[in-house]
Amino acid sequence: MIHIYNSHSLDKLAQYFSDILQEERSDPLQPTWIIVQNNEIKEWLSLQLASKQGIAGNFRFIFPSEFMWVLYRLKEKDIPQSLPSDLAGMQWALFDLFEKKPELLDLIPVYDTESDSLQKRFQLSGQVADIFDQYQVYRPKMIQSWLDHNLSTNNKHEKWQSALWKRLNEYWNKNELTHSIPSRSEAYNGLVSWMLGKGEDFTKQLPERIFVFGLSHLNKPFLEIISHLSTLKNVHFFHRYSLQSYKNKDLQKLLSSWNASSKDQFHLFQSLLKNLDSEVNTVELDESQFSSISEISVHSCHNSRREVQVLKDSVLDYLEEHPNAGPGDVLVLVPDAETYSSELEMIFEGNESEPSIPITQLHRNQQSDIYTLTALLDAIDSSHKPSTILELINLEPTKKTFSFTDDELERLEEWVINNKIHRGIGSAFNSPYSWQKGVNQLLLGVFMEPGEIELYRDLIPYRSIASNEHIELTARFSSFIDSLIEAANGAQEAKTPMEWLNYVDKLYQTFLGGTKEETSGVHRILESLKEYLHYSNVSGKIPFQMMISWIKSQFSTNDSTSGRFGQGITVSSYIPYRSVPFRFIAVMGLNEGVFPRKAIRPEFDLIYALPQPGDRIQKEDDTYLFLETLLAAGDQLHISYQGQDQRSDAKRLPSMLVQQLLDVSDKGRISFYEHKLHPFNRSYFSNENGMRSYSSLNLKIAENLEEQSGSDRIFTNESLKEPSADVHEIVSVKDLISFFTNPSKYIALNSLGFSDSIYLNDITDRESFSLNSLESYHLDDFIHASLLKGNSKEDIFEFVKTSGMIPDKLKGEKLFEGEFDQIRKLNYQLGLLTSRKEQIIDVELSIEEISVIGKISELYGDILVTSRVGKRKPKYEVGHWLKHLILMEIGIPIQKSLFLSMEGNELEVLELHSKDIPEDTFSGYLRWFLSKEPMPVTASFFPATSKSYTQKWNEAKDKKSALNEARKTWEPSYKNTFVESNDYYNRVLWRNRDPLIRDDFHDNALKFWEPFLKACEEVG
């Protein structure tokens, strides 16, 4: 007998289920069979039964896809879990068939045999295996009739598929491992015959009661099995229907159309029961004639982050209006967990000053062994770019295996940049730009103390391995790269499929710390794949790319994302929780073209060509999924999509289903919101359009913007001082030079906590084919210093080539020749002026209880010499000038200093004469540096602009003329954009203010540059 319980509410069905279990107690030693759609429904139903009965146990939950095999194994207990007729096993069997009998390919009209290849043949095997797998689930009678030489349709593709299925069955029958294992379609027919025969050896093993609860999809073979079982045992079928009555007839019509596939499936079930003359007891659990959907809000946002921010406010609003609800009553469905999970965690839980809502921890890709192993396979099959390898190292399983910390990963990135690693494993230990060369240079840095430009077999020992921690990190990093090189080399030669699986198993153990003793996860999947290969006779060798593509496809079917109940807000991808009731449900990312998904099926798929009730057609399935989600929301359904372009604000449409819902829903039951780009827009805090924000941080920003509206916003104000007003006890020469070279930068980095990361190099995946201005400066400086130390041109060239300081091959050689020629001329002139040996002076100076310490080099006798290839700019003159003053203060009898610069073939020499320098010049600069004045006062100095101002002031003694001259230097022009007004730190500290009109700018310019100009002489 079958008992059918109808309701639109899973909650009511669960309550009635609990009542039946309590009223009709069965043998407590026998498990209760419950067929549910998936793990999520299983978990939800277990919680419901436990809450209603106080305890819930001894349940055997079975999924529809495995139910037939559960029944079949009651009689045939030796049937293995992995079957030759499973999709993965069939693909290899077909591939082996095509390899050994290529004439079979001539049967397939859609296959071009003239362009036949191993890869195409394998792809065809996968497509055919996929449709045969679908036929076994949805058309078992049709596919079984092919073995009796019967066709079921007039479709032109059925004949060749029938012939191929027969050859595949012959293939299995000839194999000792598979000849006794039935295909799914054979098992189905055998099971039906057992139930029709009502033999005791089968029926006595069935439980007295079988429960079917809330299935979202009912295929015909499954319904036939349930119908036959109802003639043998009591079947309790809990049916969630969606054909409710709505007063809104347009809504009624729309939901009925969305429900069409489910309606057809249930009608099919009823007809099957009628044909078998089954005794049917139907119970209607809904009393009300009319139903209503929950309140619906649709939110158009600019991006996924705004979707999450808007959702948080909606959840907080809901919880405030429903004090008896909690985070556990909220479900969030996302199309892609990787896109949304980090933003959900950060926005819902990340800021201590904001309202926090707990959410489930999603099964994130970064923590997934499957994702990491897939990324590793992709990295092996790549050109091994630094970005690819560093992304792999940053994945949690890899980090854990090699014990890398986040700080160490940052250091490794720095090492990769400094060692010029750009591409490739490297064919030799010193191949340019390769991982082999980079790691070997790190290892040499551990064991060698090299000279300035010393090479070892075209390697440069890395000088920054400075501690035991660095040495230990080098060892672990070297182990990782050595393992990667071994893996990459192992992928070069073709292998048999089984050898490839063993290869991947070894990768798993090496890079992810897997063990062969594991019973779940990656190891379980690999062992299952090995079973499928055992069923085929494939013995030929295949390339890495072909095998790995198949392995990755198998991994993708096993890597799901969903949270769990009881840990705050439940977060999941769309499908797992599709029908589970929650009071508040949010569906995010419902963009046009994204959902419903577009199915791409081969033209020879008979199911899509000739669909029948109970078939799984993706567009229909997604439509019904949306309907189930709509009906599962108890109080509120929150829908969001990316409906505005974040740059142009151009409008975009939501999913077709959302458009349809907006068109027919009652205006009182559905609301539409078009959100602003920024969460601190004032409309969220003024109750405009029903949109509300709970963020105190965004409120503060909105208030600040409101206060400053109509006036320019500034970064600093006149009262802003350094955090500590205490006088510095020790000042370094380096800090003094840094401050006067760029006061804004020095203050931002040392007083305001800015990061200097904007000037850090990024990982690049290819070597440079030209040098930028900074790289040219470093090259010139290196050549200049190396020549001064007596190194030969040949040694210098070999070093800069090996270090990657110049482009590869001829271009690098030409560039080096040009730079070297200029520097040699500069050094010749320097030699004429500095006949004595260079001295390096230790500075220990005390002025007004302030200690100034540091080192000053490039002192030759009583002359300080600074030399530079390139234009002599005021910011370089600052350092030279301060060094000159400090040497005078510590008593060095310095008569003059020289600044030599060469731009092109023009040599310029600047002399500073000590006798012309006013007393107390340096102490005045020191007081300036240590001043307690507000930052805008001390920072109103810009070397080039201030020097231009001072020069014109000295000439005209007119502020207006001097200011006009300063602006020519300060503001960008067509020919010169590298000006001080464009400096990042100047733009930040002086935003929306003109520092040149300040009295401080005038005073600081003259204070610094007038003594310099009095002491300087252009020699030419």
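Reading the values: the criteria
Residues numbered from 1 in each chain as written. Predicted model: local features only at pLDDT ≥ 70, side-chain atom pairs only at ≥ 80, totals over all residues. Heavy atoms only, no water. Pairing = 2+ DSSP bridges. Helix = DSSP H or I, 4+ residues; strand = E, 2+ residues; numbered from the N terminus. Axes fitted to C-alpha atoms, helices over the stretch in contact; angles between N-to-C directions. Contact = heavy atoms within 4.5 Å. Salt bridge = Lys/Arg side-chain N within 4 Å of Asp/Glu carboxyl O. Buried < 20%, exposed > 50% of the residue type's maximum accessible area, 1.4 Å probe, protein only. Parallel < 35°, antiparallel > 145°, perpendicular 65-115°, else oblique. Left-handed = near helix turned anticlockwise from the far one by under 90°. Nonpolar A, V, L, I, M, F, W, Y, C, P; charged D, E, K, R; others polar. Core = buried A, V, L, I, M, F, W, Y, C linked by side-chain atoms within 4.5 Å.

### Topic: the sheet that holds strand 11 (residues 633-642)
Part 1 of the reasoning: Spatial ordering of the open sheet is given by 9-8-10-11-7-12, a layout of 6 strands whose pairing is parallel. Looking at the sheet topology across the chains shown, the edges are occupied by strand 9 (570-573) and strand 12 (670-674). For this sheet the average axis-to-axis angle between neighbouring strands, irrespective of direction, equals 15°.
Part 2 of the reasoning: Where strand 8 (residues 330-334) and strand 10 (residues 582-587) come together, 4 bridges link them in parallel fashion. Across the sheet, Leu331 pairs through a bridge with Ile585, a residue of strand 10.
Part 3 of the reasoning: Where helix 25 (residues 618-632) meets the sheet, it contacts strand 7 (295-301), strand 8, strand 10 and strand 11, and its direction lies at approximately 130° from that of strand 11.

### Thoughts on the pattern of salt bridges
Part 1 of the reasoning: Applying the stated criterion across every chain, the model contains 44 salt bridges.
Part 2 of the reasoning: With a shortest N-O distance of 2.6 Å, Glu628 and Arg578 are connected by a salt bridge. Linking Glu628 in helix 25 with Arg578 in the loop between strand 9 and strand 10, this pair joins segments that are 50 residues apart in sequence. Like Glu628, the residue Arg578 is buried in the burial classification.
Part 3 of the reasoning: The salt bridge partner of Asp916 is Lys915, with a shortest N-O separation of 3.3 Å.
Part 4 of the reasoning: Residue classification places Asp916 among the partly exposed residues on the basis of a relative accessible area of 30%.
Part 5 of the reasoning: Through salt bridges with shared partners, one network takes in Arg578, Arg616, Asp621 and Glu628.

### Focus: the packing of helix 3 (residues 64-75) against helix 10 (residues 220-229)
Part 1 of the reasoning: It is the contact of helix 3 with helix 10, at a shortest axis distance of 10 Å, that shows an interaxial angle of 50°. In this view, helix 3 runs oblique relative to helix 10, as classed from their interaxial angle. The handedness of the crossing between helix 3 and helix 10 is left-handed. Here Pro64, Phe67, Met68 and Leu71 of helix 3 come into contact with helix 10, specifically with Phe222, Ile225, Ile226 and Leu229.
Part 2 of the reasoning: Of the residues belonging to the contact of helix 3 with helix 10, the class tally is 8 nonpolar, no polar and no charged.

### Focus on the packing of helix 15 (residues 369-380) against helix 23 (residues 544-556)
Part 1 of the reasoning: Relative to each other, helix 15 and helix 23 sit at 165°, their axes nearing to 11 Å. It follows that helix 15 is roughly antiparallel to helix 23 by the angle criterion. Where helix 15 crosses over helix 23, the two elements pack in a sense that is left-handed. Along its contact with helix 15, which presents Ile370, Leu373, Thr374, Leu377, Asp378 and Ile380, the element helix 23 presents Phe544, Ile548, Ile551, Lys552 and Phe555.
Part 2 of the reasoning: Split by residue class, the contact of helix 15 with helix 23 holds 8 nonpolar, 1 polar and 2 charged.

### What about the nonpolar core?
Part 1 of the reasoning: Phe67, Leu71, Ile226 and Leu229 are the most contacted members of the largest nonpolar core, which totals 101 residues.
Part 2 of the reasoning: When sequence neighbours within four positions are dropped, the list of residues in contact with Leu71 reads Trp33, Leu191, Phe202, Leu206, Ile225 and Leu229.

### Brief notes about the sheet that holds strand 1 (residues 2-7)
Part 1 of the reasoning: In spatial order, the strands read 3-2-4-5-1-6; together these 6 strands make up an open sheet with parallel pairing. Of all strands in the sheet, those with a lone pairing partner are strand 3 (59-62) and strand 6 (280-284), marking the two edges. Sheet twist, expressed as the mean angle between neighbouring strand axes with direction ignored, is 20°.
Part 2 of the reasoning: Sheet contacts for helix 2 (residues 39-53): strand 2 (32-35), strand 3 and strand 4 (209-213); angle to strand 3, the most-contacted strand, approximately 155°.

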